[in-house]
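Chain by chain, the residues run as shown.
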There are 2 protein chains.
Amino acid sequence: MFLLKDLPTSETFKKFKADYPDLDIPRTALFLRLLRVGSDLMTILDAYLRPFGLTHGRWITLILLHREDTHRVVPSVLANKQGVKRATMTNLLDRLERDALVRRVACNQDGRSVQVELTKAGKQKLDEIMPGYYRMVKGLFREIESTTIKEMTQVLDELRRGLKGIE
Amino acid sequence: MFLLKDLPTSETFKKFKADYPDLDIPRTALFLRLLRVGSDLMTILDAYLRPFGLTHGRWITLILLHREDTHRVVPSVLANKQGVKRATMTNLLDRLERDALVRRVACNQDGRSVQVELTKAGKQKLDEIMPGYYRMVKGLFREIESTTIKEMTQVLDELRRGLKGIE
DNA sequence: TGACATTAGTTAGCCAGCTAACAATTTAAT
DNA sequence: ATTAAATTGTTAGCTGGCTAACTAATGTCA
């Protein structure tokens with residue numbers, strides 16, 4: 001999905017600093033690494049999901065449905081929680097419904113709306129996917145100490161709070 | 001570009017842990033945050049670039065050309081450094097050339113190949129973009145201490161080394 | 001030298017996001 | 001009560017990645 005495999009070396013940074021003195025080298029280095037790692041993790045995730053016939057988008061939708069105890073949610077709520085547009089959710093649900101992992105049910109309260117629920121096959125698909133997914137995640141971070149994991153999570157949360165309202 | 005706006009709460013994690021005991025909560029929490037932050041930063045970056053008529057993909061290509069002192073590179077090398085397929089590079093260059101930011105020049109050594117160079121307008125475009133970009137990056141991380149920035153960069157580099165060969 | 005493999009760039013067509021515009025319905029305001 | 005505004009899901013069409021297949025040129029090795 002993204003961006004610049006060859007991160008700048010310190011020589012490259014110096015060259016750019018000469019041209020553009022606003023450059024803050026450590027912060028830009030971190031910025032690029034965050035983009036790079038996010039991109040790499042995404043690629044790994046989608047590669048894991050492909051054999052199950054899913055993309056990360058459709059997989060997340062299944063998970064959001066599984067989160068609900070009722071297992072019934074309205075598409076616009078799903079779109080909000082997932083962070084995609086309603087139109088995108090329509091596509092995701094079309095495909096998931098075609099694959100019989102999800103079912104649309106007419107809603108009695110609101111004539112505009114629809115409710116979506118996980119089918120038995122959908123739950124089964126999650127049961128196939130999740131254990132391997134969790135083991136994969138554990139494996140990706142096996143080299144990193146637990147305290148480091150937690151510190152980093154905190155910093156990222158702080159960063160996310162700062163980011164809110166910008167995008 | 002990606003993924004799950006509503007990260008799981010600790011209740012959600014507990015529910016999933018009950019269903020899927022392989023779940024390592026701290027590592028999964030970090031995994032999701034890295035994806036989330038990468039996605040948010042990407043969105044912010046593309047929003048910054050849009051008024052200049054660029055996407056991050058085309059912008060990176062310009063930067064890679066600017067990195068070269070000769071300012072002349074072959075498309076396949078660009079594709080490798082950027083981490084996209086040659087076919088994608090063809091698209092990027094088509095659009096950049098249409099916008100006169102880049103020029104393709106026939107290569108004498110190798111009849112199959114082409115060389116790409118930044119035009120004056122391309123350099124000028126970078127000069128418009130980069131100072132604001134660097135100030136933006138500085139702003140995004142203003143709340144985070146310098147030592148934290150450096151520690152995090154190191155951890156991400158360690159992580160990236162571990163990721164190599166997986167994707 | 002000649003056959004075969006490899007490499008460079010392109011083309012064509014897929015996919016999953018996006019925005020904009022729409023009809024149907026519900027909600028709010030006077 | 002009626003009109004105006006907002007919301008729901010969908011459709012249509014754009015974008016920027018991707019893979020697969022192609023042509024042209026170059027390298028390799030019997």
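Whatever comes next refers back to the structure up there.
Relative to the assigned elements, His-66 of chain B resides in helix 3 (residues 56-67). Assessed through its relative accessible area of 2%, His-66 of chain B is described here as buried. In this structure His-66 of chain B touches Lys-15, Phe-16, Asp-19 and Tyr-20 of chain A together with His-71, Leu-118, Lys-123 and Leu-126 of chain B, once residues within four positions along its chain are discounted.

To continue, consider the protein's contact with DNA strand C. In the vicinity of DNA strand C, 24 residues are found, and the nearest of them are Arg-58, Thr-88 and Gly-111 of chain A together with Pro-75 and Arg-112 of chain B. Between a base nitrogen of DNA strand C and a side-chain N or O atom of Arg-86 of chain B, the distance comes to 2.9 Å. Interatomic distance of 3.2 Å between a side-chain N/O atom of Arg-104 of chain B and a phosphate oxygen of DNA strand C. Every element with two or more residues in the surface near DNA strand C is listed here: helix 3 (56-67) and helix 5 (86-98) of chain A together with helix 4 (75-82) and helix 5 (86-98) of chain B. Class assignment for the residues of the surface near DNA strand C results in 7 nonpolar, 10 polar and 7 charged.

Another aspect to go through is helix 6 (residues 120-140) of chain A. Residues spaced three or four apart along an α-helix face the same direction, because each turn holds 3.6 residues. Helix length check: helix 6 of chain A (21 residues) gives 30 Å between terminal C-alpha atoms against 30 Å at 1.5 Å per residue, within 8%. At Ile-129 of chain A, helix 6 of chain A is bent by approximately 25°, the largest bend along its length, and proline Pro-131 of chain A sits one to four residues beyond. What helix 6 of chain A keeps buried is the set Gly-122, Lys-125, Leu-126, Ile-129, Met-130, Pro-131, Gly-132, Tyr-133, Tyr-134, Met-136, Val-137 and Leu-140 of chain A. Each element contacted by the buried residues of helix 6 of chain A is listed here: helix 2 (25-49), helix 3 and strand 3 (114-118) of chain A together with helix 1 (10-19), helix 2 (25-49) and helix 7 (146-163) of chain B.

A few words on unusual backbone geometry. Unlike most non-glycine residues, Ala-100 of chain A shows phi in positive territory, near 65°. Following the sequence through the fold, Ala-100 of chain A ends up in the loop between helix 5 and strand 2 (102-106).

Let us now look at the interface of chain B and chain A. Contact residues are listed per partner, giving 75 residues for chain B and 75 residues for chain A. For the pair chain B and chain A, the summed buried area comes to about 8,000 Å², and 70% of that belongs to carbon and sulfur atoms. Seen at the junction of chain B and chain A, the total is 4 salt bridges. Arg-33 of chain A serves as the salt-bridge partner of Asp-157 of chain B, at 2.7 Å between the closest nitrogen and oxygen. One can count 24 residue pairs in polar contact (both at pLDDT 80 or more) joining chain B with chain A. Those elements giving two or more residues to the side of chain B that touches chain A turn out to be helix 1, helix 2, helix 3, helix 4, helix 6 (120-140) and helix 7 of chain B. Looking at the side of chain B that touches chain A element by element, the count peaks at 18 residues for helix 2 of chain B.

Calculation rules
Residues numbered from 1 in each chain as written. Chains lettered and ligands numbered in written order. Predicted model: local features only at pLDDT ≥ 70, side-chain atom pairs only at ≥ 80, totals over all residues. Heavy atoms only, no water. Helix = DSSP H or I, 4+ residues; strand = E, 2+ residues; numbered from the N terminus. Buried < 20%, exposed > 50% of the residue type's maximum accessible area, 1.4 Å probe, protein only. Contact = heavy atoms within 4.5 Å. Near = heavy atom within 4 Å. Polar contact = N/O pair within 3.5 Å; in protein donor to acceptor, adjacent residues only side chain to side chain. Nonpolar A, V, L, I, M, F, W, Y, C, P; charged D, E, K, R; others polar. Expected span 1.5 Å × (residues − 1). Bend = angle between axes of the 7 residues up to and from the residue. Buried area = accessible area lost by both parts, 1.4 Å probe. Salt bridge = Lys/Arg side-chain N within 4 Å of Asp/Glu carboxyl O.

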